[in-house]
Protein chains: 2
Amino acid sequence: MLTYNLTDTGSDSLYEYLYKSIKNDIVQGVIKAGEKLPSKRPFAKNLGVSVITVENAYAQLLAEGFIYSVPKRGFYVSDFKDTRKEQREPLKKEMVPLAGASSVYFADFSSNQTPSELFPFTIWSKVIREVLSDSQAQLMTNPPCGGIFLLRESIARHLKEFRGMNVRPEQILIGAGTEYLYGLLIQLLGQEKIYGVENPGYQKIAKIYNSHRVACEWIDMDGSGICIEELEEKQVDIIHITPSHHYPTGIVMPISRRYELLGWASRGEGRYIIEDDYDSELRLSGQPIPTLQSIDVSERVIYMNTFTKTLCSTVRISYMVLPQKLLIRFYETMSFYSGTVSNFEQYTLARFIEEGKFETHINRLRNYYRQKRDLLLEAINKSEMRSIASISGQEAGLHFLMAVRSDLEEAVVCRQAKEQGIKLVPLSEYYYGSSCRTKNVYVMNYSSIDVSRTDEIMERLYKSFTKNGAEGKSNVFETERNLEKKAKNSCDALKNQVL
Amino acid sequence: MLTYNLTDTGSDSLYEYLYKSIKNDIVQGVIKAGEKLPSKRPFAKNLGVSVITVENAYAQLLAEGFIYSVPKRGFYVSDFKDTRKEQREPLKKEMVPLAGASSVYFADFSSNQTPSELFPFTIWSKVIREVLSDSQAQLMTNPPCGGIFLLRESIARHLKEFRGMNVRPEQILIGAGTEYLYGLLIQLLGQEKIYGVENPGYQKIAKIYNSHRVACEWIDMDGSGICIEELEEKQVDIIHITPSHHYPTGIVMPISRRYELLGWASRGEGRYIIEDDYDSELRLSGQPIPTLQSIDVSERVIYMNTFTKTLCSTVRISYMVLPQKLLIRFYETMSFYSGTVSNFEQYTLARFIEEGKFETHINRLRNYYRQKRDLLLEAINKSEMRSIASISGQEAGLHFLMAVRSDLEEAVVCRQAKEQGIKLVPLSEYYYGSSCRTKNVYVMNYSSIDVSRTDEIMERLYKSFTKNGAEGKSNVFETERNLEKKAKNSCDALKNQVL
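Rules behind the numbers
Residues numbered from 1 in each chain as written. Chains lettered and ligands numbered in written order. Predicted model: local features only at pLDDT ≥ 70, side-chain atom pairs only at ≥ 80, totals over all residues. Heavy atoms only, no water. Helix = DSSP H or I, 4+ residues; strand = E, 2+ residues; numbered from the N terminus. Contact = heavy atoms within 4.5 Å. Areas by Shrake-Rupley, 256 points an atom, 1.4 Å probe, with all protein chains shown as cover. Buried < 20%, exposed > 50% of the residue type's maximum accessible area, 1.4 Å probe, protein only. Pairing = 2+ DSSP bridges. Buried area = accessible area lost by both parts, 1.4 Å probe. Salt bridge = Lys/Arg side-chain N within 4 Å of Asp/Glu carboxyl O. Polar contact = N/O pair within 3.5 Å; in protein donor to acceptor, adjacent residues only side chain to side chain. Nonpolar A, V, L, I, M, F, W, Y, C, P; charged D, E, K, R; others polar. pLDDT = per-residue confidence, 0-100. 1 Å grid on protein atoms, 1.4 Å probe; cavity = no way out; pocket = protein on both sides within 12 Å on 5 of 7 lines; lining within 4 Å. Points joined across faces, edges and corners; volume = space filled by probe spheres on them. Least-squares fit on C-alpha atoms with pLDDT ≥ 70 in both. Axes fitted to C-alpha atoms, helices over the stretch in contact; angles between N-to-C directions. Parallel < 35°, antiparallel > 145°, perpendicular 65-115°, else oblique. Left-handed = near helix turned anticlockwise from the far one by under 90°. Core = buried A, V, L, I, M, F, W, Y, C linked by side-chain atoms within 4.5 Å. Phe/Tyr/Trp six-rings, centres within 6.5 Å; stacked < 30°, edge-to-face > 60°. Lys NZ or Arg CZ within 6 Å of the ring centre and 35° of its normal.

Notes on the overall build of chain A
So, point 1. Per the secondary structure count, chain A includes 17 helices and 15 strands.
So, point 2. Of all intrachain contacts in chain A linking residues separated by at least 6 positions in sequence, the fraction that spans at least 24 positions is 73%.
So, point 3. As displayed, chain A has an accessible area near 20,500 Å², and 48% of this comes from carbon and sulfur atoms.

Some details on the pairing of strand β4 (residues 172–175) of chain A
Residue and element names in this part refer to chain A.
So, point 1. The two faces of β4 match: Ile172 and Ile174 on one face and Leu173 and Gly175 on the other face are all buried.
So, point 2. In the sheet, β4 pairs with strand β11 (residues 318–321) via four bridges, with the strands oriented antiparallel. Within β11, the residue paired with isoleucine 172 across the bridge is valine 321.

Re the interface of chain B and chain A
So, point 1. If you look at the interface, chain B gives 109 residues, while chain A gives 110 residues.
So, point 2. Summed over both partners, the interface of chain B with chain A buries about 9,700 Å², with 57% contributed by carbon and sulfur atoms.
So, point 3. Where chain B packs against chain A, one counts zero salt bridges.
So, point 4. Here chain B is connected to chain A by 22 residue pairs in polar contact (both at pLDDT 80 or more).
So, point 5. Here the side of chain B that touches chain A is composed, by residue class, of 48 nonpolar, 34 polar and 27 charged.

Considering the environment of serine 447 of chain B
All names here are of chain B.
So, point 1. One can find serine 447 in the loop between β16 (441–445) and α15 (454–466).
So, point 2. Residue serine 447 is classed as buried on the basis of its relative accessible area of 2%.
So, point 3. Along the primary structure serine 447 and arginine 373 are separated by 74 residues, whereas in three dimensions their C-alpha atoms are 8.7 Å apart.
So, point 4. Leaving out residues up to four positions away in the same chain, serine 447 has contacts with Ser111, Asn112, Gln113, Pro115, Tyr369, Lys372 and Leu398.

Let's talk about the sheet that holds strand β6 (residues 215–222) of chain A
Residue and element names in this part refer to chain A.
So, point 1. Spatial ordering of the open sheet is given by β4-β11-β10-β9-β8-β5-β6-β7, a layout of eight strands whose pairing is mixed. Each edge of the open sheet carries a strand with a single partner, namely β4 and β7 (225–226).
So, point 2. In the sheet, strand β9 (residues 272–276) pairs with strand β10 (residues 301–306) via four bridges, with the strands oriented parallel. When the sheet's bridge partners are listed, aspartate 276 is paired in β10 with methionine 304.

Focus on the confidence of the model for chain A
All names here are of chain A.
So, point 1. When pLDDT is averaged across chain A, the result is 86; 88% of the residues are at 70 or more.
So, point 2. Counted against residues more than four places away or in other chains, residues 470–484, with its pLDDT under 50, gives 21 contacts.
So, point 3. Throughout residues 486–499 the model reports pLDDT below 50, and contacts reaching past four residues in sequence, or to other chains, amount to 21 contacts.
So, point 4. For this predicted complex, the interface confidence score (ipTM) comes to 0.80, while the overall pTM stands at 0.81.

Let's talk about empty space enclosed by the protein
Once rolled over the atoms, a probe with the size of a water molecule shows which space is left empty.
So, point 1. A full pass over the atoms with the stated rule returns 16 cavities of 30 Å³ or more.
So, point 2. Space inside the largest cavity adds up to approximately 120 Å³.
So, point 3. Surrounding the largest cavity, 14 residues form its lining, Tyr180 and Gly183 of chain A together with Tyr180, Gly183 and Gln187 of chain B being those nearest its centre.
So, point 4. Looking at the lining of the largest cavity, the elements that each hand over two or more residues are α7 (178–189) of chain A together with α7 (178–189) of chain B.
So, point 5. Of the residues belonging to the lining of the largest cavity, the class tally is six nonpolar, six polar and two charged.

Here we look at the environment of glutamate 395 of chain A
Residues and elements named next belong to chain A.
So, point 1. With respect to the helices and strands, the residue glutamate 395 is situated in the loop between β12 (389–392) and β13 (399–404).
So, point 2. In this structure the C-alpha to C-alpha distance between glutamate 395 and proline 323, which are 72 residues apart in sequence, comes to 30 Å.
So, point 3. Sequence-distant contacts of glutamate 395, defined by excluding residues within four places in its chain, comprise Arg283, Leu284, Ser285 and Arg373.

Comments concerning the relation of the copies chain B and chain A
So, point 1. In the superposition of chain B on chain A (RMSD 0.1 Å, axial shift 0.1 Å), the rotation amounts to 180 degrees. What the superposition gives is, in effect, a two-fold axis relating one chain to the other.
So, point 2. When the interface residues of chain B are mapped onto chain A, 100% of them are again interface residues, pointing to one common binding face.

So, the packing of helix α1 (residues 14–28) of chain A against helix α3 (residues 51–63) of chain A
All names here are of chain A.
So, point 1. Between α1 and α3, whose axes approach to 8 Å, the crossing angle comes to 50 degrees. Compared by their axis directions, α1 and α3 come out oblique. Handedness of the α1/α3 crossing: right-handed. Taken together, the residues of α3 that come into contact with α1 (itself represented by Leu14, Tyr15, Leu18, Tyr19, Ile22 and Lys23) are Thr53, Val54, Asn56, Ala57, Tyr58, Gln60 and Leu61.
So, point 2. Grouping the constituent residues of the contact of α1 with α3 by class yields nine nonpolar, three polar and one charged.

A word on the nonpolar core
Across soluble globular proteins, you tend to see nonpolar side chains buried next to one another.
So, point 1. Of all hydrophobic cores here, the largest spans 74 residues; its most connected members are Phe344 of chain A together with Phe344 of chain B.
So, point 2. Not counting residues within four places of it along the chain, the set of residues in contact with phenylalanine 344 of chain B comprises Phe119, Phe121, Trp124, Cys312, Thr314, Val315 and Glu345 of chain A together with Leu132, Leu139 and Met140 of chain B.
So, point 3. Listed in part, the 66 residues of the second largest apolar core include Ile186 of chain A together with Tyr180, Trp218 and Met334 of chain B.

Examining helix α12 (residues 324–333) of chain A
So, point 1. Residues of α12 of chain A that are buried: Gln324, Leu326, Leu327, Ile328, Phe330 and Tyr331 of chain A.
So, point 2. The secondary structure elements touched by the buried residues of α12 of chain A are α6 (149–163), β4, α7, β9 and β10 of chain A.

Observations concerning the packing of helix α4 (residues 121–134) of chain A against helix α4 (residues 121–134) of chain B
So, point 1. Where α4 of chain A meets α4 of chain B, the closest approach of the two axes is 11 Å, and the angle between their N-to-C directions is 175 degrees. With respect to α4 of chain B, the axis of α4 of chain A lies roughly antiparallel. Contacts between α4 of chain A and α4 of chain B pair Phe121, Trp124, Ser125, Ile128, Arg129 and Leu132 of chain A from the former with Phe121, Trp124, Ser125, Ile128, Arg129 and Leu132 of chain B from the latter.
So, point 2. Each residue belonging to the contact of α4 of chain A with α4 of chain B can be placed in one class, and the counts come to eight nonpolar, two polar and two charged.

Section: the packing of aromatic side chains
So, point 1. Going through the model one piece at a time under the given rule, you end up with 47 aromatic pairs over all chains.
So, point 2. On the numbers, 6.5 Å between centres and 65 degrees between planes, the contact of tyrosine 182 of chain A with tyrosine 209 of chain A is edge-to-face. Pair noted here: tyrosine 182 of chain A is in helix α7 and tyrosine 209 of chain A is in helix α8 (residues 203–211), with a separation of 27 residues, a long-range link. Accessibility assignment for this pair places tyrosine 182 of chain A and tyrosine 209 of chain A in one class, buried.
So, point 3. Their ring planes at 75 degrees and their centres at 5.3 Å tell us that tyrosine 442 of chain A and phenylalanine 465 of chain A sit as a pair that is edge-to-face. Separated by 23 residues along the polypeptide, tyrosine 442 of chain A in strand β15 (residues 441–445) and phenylalanine 465 of chain A in helix α16 (residues 454–466) bring together distant segments of the chain. The exposure classification of tyrosine 442 of chain A matches that of phenylalanine 465 of chain A, with both residues buried.
So, point 4. Grouping aromatic residues by their ring pairs yields a cluster made of Phe119, Phe121, Trp124, Phe307, Tyr319, Phe352 and Phe358 of chain A together with Phe344 of chain B.
So, point 5. Seen from the ring of phenylalanine 106 of chain A, arginine 453 of chain A lies directly overhead, with NZ or CZ sitting 4.4 Å from the centre.
So, point 6. The ring of phenylalanine 106 of chain A is capped by arginine 460 of chain A, whose NZ or CZ atom sits 3.8 Å from the centre of that ring.

What about the pattern of salt bridges?
Residues and elements named next belong to chain A.
So, point 1. The final tally for this structure, using the stated rule, is 44 salt bridges over all chains.
So, point 2. For the salt bridge of glutamate 130 with arginine 351, the shortest nitrogen-to-oxygen distance reads 3.0 Å. Taken as a pair, glutamate 130 in helix α4 and arginine 351 in helix α13 (residues 343–354) lie far apart in primary sequence, 221 residues in all.
So, point 3. Here the salt bridges share partners, and the residues they tie into one network are Lys126, Glu130, Asp134, Arg351, Glu355 and Lys357.

Here we look at the sheet that holds strand β15 (residues 425–426) of chain B
All names here are of chain B.
So, point 1. If you walk across this open sheet you meet the four strands as β12-β13-β16-β15, and the pairing is antiparallel. Unpaired on one side and paired on the other, β12 (389–392) and β15 mark the two borders of the sheet.
So, point 2. Bridge count for strand β13 (residues 399–404) against β16 is five bridges, and the pairing is antiparallel. The partner of methionine 402 across the bridge, within β16, is tyrosine 442.
So, point 3. Along the sheet, helix α13 (residues 357–382) contacts β12 and β13; its crossing angle with β13, the most-contacted strand, is approximately 10 degrees.

Some points on unusual backbone geometry
So, point 1. Between asparagine 199 of chain A and proline 200 of chain A the backbone carries a cis peptide bond, its omega angle lying at 5 degrees.
So, point 2. Mapped onto the fold, proline 200 of chain A is located in the loop between β5 (194–199) and α8.
So, point 3. A cis amide bond links tyrosine 247 of chain B with the next residue in sequence, proline 248 of chain B, at an omega value of 5 degrees.
So, point 4. Note that proline 248 of chain B resides in the loop between β8 (238–241) and α10 (255–266).
So, point 5. For lysine 72 of chain A, which is not glycine, the phi dihedral falls at a positive 65 degrees.
So, point 6. In this fold, lysine 72 of chain A is placed in the loop between β1 (67–70) and β2 (74–77).

Written as structure tokens, this is what we have:
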């Protein structure tokens, strides 16, 4: 009979230890396939343990299929072969980023990260606490696939107040980021459709279409936005646009082009316009531009917006507004999907909006960014950059365009800027193919720039555009720790000034 | 010259009111296309406002494209036509569920909702507070697409302790629900592949594949799980399985079939197994069954798990573990995707796991559900149901199977049960096509059953299975309010007993 030493089972219980010992013997071939295991009672007696211990060990082996039972006869070892003796390769280190991209630039004009000082931690914490204590039953109730109704109501009201849009809460679908919503839309509108994106434009949209293996066409823009003729030419069905503030050129689509575009959509079955209104709340002067959605009577506009810029980039809540026909199709074919945003954050955000805190926060943001932009533009005007740079698109969003007179190639400028600790992205990188006609125009995202450094930034920028050589490769990068400290100090200063 | 009465602008500022007035006149055709607007200074003088007011109004009209400027001459009304005068149809009410499905059943055996009493609100609130006060900078830092490192580390340790798996945090990708992760996997593995699902099985998986328009085959199961021959026959590339506890039959795939399946995967290029380990933490007796992932040396297993059952169904956090080859492909082709789970919840969950609170919580859950199951099984044994019902698959998960001897058709039973306020789902509904060979077997999800009602539930069940008629249609549904009250009382009682 099998015998095991059960005097030292380590942290295992008796039955676990016994189970593991037998399993090991089976795997190692010590007990062969077809062999009968000892009957429970004599085995237990032999081992000096209770019958229950043996029973539990056998039950586990049975559950995992190492043994099988023959009624009235007992337990037998299963016949299985582990034919694959290869060793797994160790995981390669490369290609696997672990931490978030923590920028060590002196000034990073490509970052869209919300400065942590801007997030209303105190108020948000308070609202979470209230939700956790007041709404426990609702928090545990599975929401409909479009999102909790309270949040959709709050968003509908917000859209009415901020954008003059008449939207019913039912039309709003909440999702964990616009990227996820694009995936839903592809399923809803059809994989066989041809999708169009703006050229130049936000490259990620095309990447998402490509990743879903749907046809994606780049549509050239003129000064008024997307070219309608090209939509017809390339037989686009669905066009993705940023009409209120084109990224990155800042072009606002005039009303005439808007009506042309709506006309294009209504002329073809299955044509839709995705209106990406990603930063309309952050328009820094004048009123927000009315949405395409609000003048669309043929129900061809899918409106999309996000809290990524107005709240913070690490809270993943976006939404879209579907026209009726699509809404019904969605509920008929895709309502089996569970929501992607946790109830906890949906209820918190709903309350945050309802109590007027979102509006207050947006006003704070606008003041903060306006001040930041003004300080940056002022610094340009005070510095040598003034003689070579001209600015455009500064009215809206968190970036402007800077065109620079320089004989240097963009690649050289960017390399030299990088050596100076400054990250620059040329507008040409937002173009697909050879259609780019701009040179030395840069997209200046300023949301994460430390404004206490503007003078130094300008000096370094000027050097990057004017010198051509390997100088300046000295230690211009600062340690992350120093940068954090400085950023903290200067942000505090800025907050005191404007908030 | 244009004249507007600016004495009563309502809540609008002067410039807003002026802008709206002019815009209205343009849209109404009062001012015609090509007409020149008054020069700013005389217009301002005429209206009795400052030049800035006129400038702002013009700037807004310009931004929206209602007017255009001719250098040194002034502003002119744009030529645009609103050719589409149709009215939008009002939104239809039907097909648009708004609130979550709130069950008014006396006993709903289809619900997987976490009872709100089970969620550790106090501890969760405490952990959120700590995170919000300790980690503000991290909370605002954009995480890598796979999720924050802390959480991936915590999950890796959890998998080591609970499942004996050796997984590196780098291999773990966090997502807002397994449904979202399936979408990512389709993009990663290829739309042209053939995907297989278990028959019977969790129908939603097939729905997701269908929604993505990828080929999906139903693979029959025998008593050991999926049939390998059918995988070959139907040329499946990717098979989705629940080997540790098949849903809904409860079958545990024995080790021999596991090795066969791994052998199948390693024989074909591009073959993968998706191991869905959705409820392994809730195995109620014995040790958890080792995962396929842990015995897979050919790197063909994609392991998937969720916090939906172990934490609650409304917190949307799931994860998958990719083998190296797929991991590298993911980072090469899909790392542009932003994460879908908010940093706030990722950091909270990471801390919850790290501080041992998750383990404590799982133990509580197991006790709670074990007690609930035992009370329910005891009630069956005490009642008339005993004579007609036999139970299986009660060792794991939050459901068991109940086979009933009854001459009635399932449809009749379910209708009669519904009339009794009881929601029953037959196993046959989990089958695709005509392959179902079971009759009057029911999948009994008990997580949301009120155990203080078990005797009454059994009586009503017995009636549903034995009588055949329209009686009992009286008022067996209770009002939602009464139900809530009763549920609260009995849950409190249960909590005091077991937690």
